[in-house]
Amino acid sequence: MIFPGYNGKHLSPRQISRLFKQAAKAAAITKPVTLHTLRHSFATHLLERGVDIRVIQALLGHTKLTTTARYASLATGMIAAVDSPLDDLGRAKHKKGKKGAS
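These figures come from a predicted structure and were not determined experimentally. By convention here, each chain's residues receive numbers from 1 onward along its written sequence. This being a predicted model, a pLDDT of at least 70 is required before a residue's local features are given, and a value of 80 or more before pairs of side-chain atoms are given or counted; all residues contribute to the totals for chains, interfaces and linings. To get the side-chain values, all heavy atoms of the structure are used, and hydrogens and water are removed first.

### A closer look at the overall build of the protein
Only runs of H or I of at least four residues qualify as helices and only runs of E of at least two qualify as strands under DSSP, and these elements are numbered from the N terminus. Secondary structure summary: the protein contains six helices and zero strands in total. Ordering the α and β elements of the protein from the N terminus gives α-α-α-α-α-α.

### Some words on helix α2 (residues 35–48)
Helix span, expected: 1.5 Å multiplied by one less than the number of residues in the helix. Between the first and last C-alpha of α2 there are 20 Å, a value that for 14 residues agrees with the 20 Å anticipated at 1.5 Å per step. When a residue's accessible area, from a 1.4 Å probe over protein chains only, is under 20% of the maximum for its type it is buried; when over 50% it is exposed; and in between it is partly exposed. Inspection of α2 places Ala-43, Thr-44, Leu-46 and Leu-47 among the buried residues, and these make up the whole buried set. Angular distribution of buried residues about the axis of α2 spans 160°; they occupy a single face of the element. One or two positions beyond α2, positive phi appears at Gly-50, with a value near 95°. This arc describes the spread of directions from the helix axis toward the C-beta atoms.

Shown next, in the form of structure tokens:
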């Protein structure tokens, strides 16, 4: 059991939320946070680390990839860092020209 409660029963969603709020307060987190915030952060960090979106989809339990793809809009730094395949074409042509000129 991931979240065992009293007498071996599962904790309720409300109990988990309350424990999360207590942990955030103990960690001196002043921004408003929820379990959903944690879920979003988890998915976004995985995406930024290069984890395949289908793996993230499975971890989050999403049935549709479009639901998971919403996290891609949050990872704007990762998206901005992607090189265009068209840029590679220009580099390859430029390198070929240098070799032939030598």
